[in-house]
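These are the residues of each chain, in order.
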Amino acid sequence: MYRLVVIDDEYLVVEGIKAMIARQKLQYEVVGWAYDGICGLEVVEREKPDLVITDIRIPGLDGLSLIESARESCPETIFVVISGYTEFEYARRALSMGVKGYIDKPVSIAKLEEVLTRVERDCFSAREESTALQESRAGQERLRRLFDATVASMARGDAGELKKHMEEALGELQKLYDAPEDFRREVYKWLCVQSDILAERQPQVSRDALISYQEMERKTTKREVLEYAGNIVTDIARYIEADKTGSSHAAILELLAYIDEHYNEDIGLNELAERAGMSTAYLSVLFKSEVGTSYVKYLTELRIRHAKKLLRDGHRVNETSELVGYNNYRYFCDIFKKHVGLTPNEYKHNY
């Protein structure tokens, strides 16, 4: 069975896809669903499904932005988009991003079965024939965690931890890529990303000052690549050690103030990253490092706190749902019960 997540702001579409899959006995298990992009991204990152079906037009974080963000933590996940008659340009862009297909509305059993069968044939069959791919997937997951750890270390200004995690990542890359040319390519990509994140913290530092493509290309063995990479890791750690200004903490405080003021609006992580002048990936890890929880969880808990106050003050449930930023009443009720243990109506009558 392949693990599937469905994301659409229409409750009937989500339930319809779930029912179609069950009725047709397709080789898919729906392990999660959401009605907006922010919660959808959280579900995808938590479940790491084989396949995601997402509408292009969803609140919070549109489908294309969700796919772009999810690819960082779920590189093996396959995506299929749902689009309306007037949204073919979005669908074209989605296909250019590596999305494996789209379903035009209205979603029918025939359309859904055709796409899922094609994805199973073209994407999953070859994957399951190789146990090496499964090992690679586990290695990529360890690399993702190490990436998060290095960014968190950078955010804290902990040069020692940063160097440790980067050296662990180099070891992981060595296991994943046997051929020296593949290893050299992936190490170069990894170091470029780390250099760019450093440059976000310290604009006076450029990638070219840290790493040279021409120099890396001259390394013909894994040992030579590791020696060169080790020098760059040391340089990055030295820059971090020399810059402990706390500017990242101040940036998060500014964003928290903005979120507290606009929590009832569709605020995506991409929007916050643009406001802070950071990449989405960096802000995601920095936010969790500074606040202690993910952005999505923080926003959800903030909305629930305000919802509880509004309900105690006598507001109707559907009114409360809209006031705290949930346009889908049923979804609001599900989220509220998940966090509070009571439905909004039960809470309203007991407090």
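Our structure is the block above this text.
The following paragraphs examine the structure supplied in this document. (Residues numbered from 1 in each chain as written. Predicted model: local features only at pLDDT ≥ 70, side-chain atom pairs only at ≥ 80, totals over all residues. Heavy atoms only, no water.)

## Details of the packing of helix H7 (residues 159-176) against helix H8 (residues 180-201)
Two elements in contact, H7 and H8, have axes separated by 10 Å at closest approach and are oriented at 155°. Taken together, the axes of H7 and H8 are roughly antiparallel relative to one another. With respect to the hand of their crossing, H7 and H8 are arranged in right-handed fashion. Residue-level contacts link Met 166, Ala 169, Leu 170, Leu 173 and Gln 174 of H7 to Phe 183, Glu 186, Val 187, Trp 190, Leu 191 and Gln 194 of H8. Here the contact of H7 with H8 is composed, by residue class, of eight nonpolar, two polar and one charged. (Axes fitted to C-alpha atoms, helices over the stretch in contact; angles between N-to-C directions. Helix = DSSP H or I, 4+ residues; strand = E, 2+ residues; numbered from the N terminus. Parallel < 35°, antiparallel > 145°, perpendicular 65-115°, else oblique. Left-handed = near helix turned anticlockwise from the far one by under 90°. Contact = heavy atoms within 4.5 Å. Nonpolar A, V, L, I, M, F, W, Y, C, P; charged D, E, K, R; others polar.)

## Here's the deal with the sheet that holds strand E2 (residues 28-34)
Taking strand neighbours across the sheet as the criterion, the five strands line up as E2-E1-E3-E4-E5 in an open arrangement whose pairing is parallel. Looking at strand neighbours, the two that pair on one side only are E2 and strand E5 (102-104), the edges of this open sheet. With direction set aside, neighbouring strand axes in the sheet form an average angle of 20°. Against the sheet, helix H3 (residues 63-73) touches strand E1 (2-7), strand E3 (51-55) and strand E4 (78-83), its axis set at about 175° to E4. (Pairing = 2+ DSSP bridges.)

## Structural notes on the side chain of Ser 153
By secondary structure assignment, the location of Ser 153 is in helix H6 (residues 131-156). Dropping the residues within four chain positions of it, Ser 153 is found in contact with Asp 158, Glu 161, Leu 162 and His 165.

## Overview of H7
Between the first and last C-alpha of H7 there are 26 Å, a value that for 18 residues agrees with the 26 Å anticipated at 1.5 Å per step. Here H7 has its buried residues at Ala 159, Leu 162, His 165, Met 166, Ala 169, Leu 170, Glu 172 and Leu 173. Taken end-on, H7 shows its buried residues confined to a sector of 160°, consistent with a single buried face. Near the N-terminus of H7, the side chain that reaches the backbone nitrogen of Gly 160, with its oxygen 3.3 Å away, is that of Asp 158. (Expected span 1.5 Å × (residues − 1). Buried < 20%, exposed > 50% of the residue type's maximum accessible area, 1.4 Å probe, protein only. Arc of directions from axis to C-beta. Polar contact = N/O pair within 3.5 Å; in protein donor to acceptor, adjacent residues only side chain to side chain.)

## Notes on the nonpolar core
Among the nonpolar cores identified, the biggest contains 112 residues, and Tyr 28, Leu 51 and Leu 191 are the most heavily contacted of them. By residue number, the principal contributor to this core is helix H15 (residues 295-312), which donates nine residues. Residue contacts for Leu 51: discarding those within four places in its chain leaves Arg 3, Leu 4, Val 5, Tyr 28, Thr 77, Ile 78, Phe 79, Val 80, Leu 116, Val 119 and Phe 124. (Core = buried A, V, L, I, M, F, W, Y, C linked by side-chain atoms within 4.5 Å.)

## Here we look at the pattern of salt bridges
As enumerated under the stated definition, the model contains 20 salt bridges in all. Salt-bridge contacts for Glu 15 lead to Lys 18; the nearest nitrogen and oxygen are separated by 3.1 Å. Remark: Lys 18 and Glu 15 occur in helix H1 (residues 11-24); sequence separation between them is three residues, near one turn of the helix. Of the residues examined, Glu 15 reaches a relative accessible area of 25% and is grouped as partly exposed. Between Glu 215 and Lys 219 there is a salt bridge; the shortest N-O distance is 3.2 Å. Given a relative accessible area of 25%, Glu 215 falls into the partly exposed group. Among the residues examined, Lys 219 registers a relative accessible area of 16% and is labelled buried. (Salt bridge = Lys/Arg side-chain N within 4 Å of Asp/Glu carboxyl O.)

Geometric values such as these leave the question of function open.
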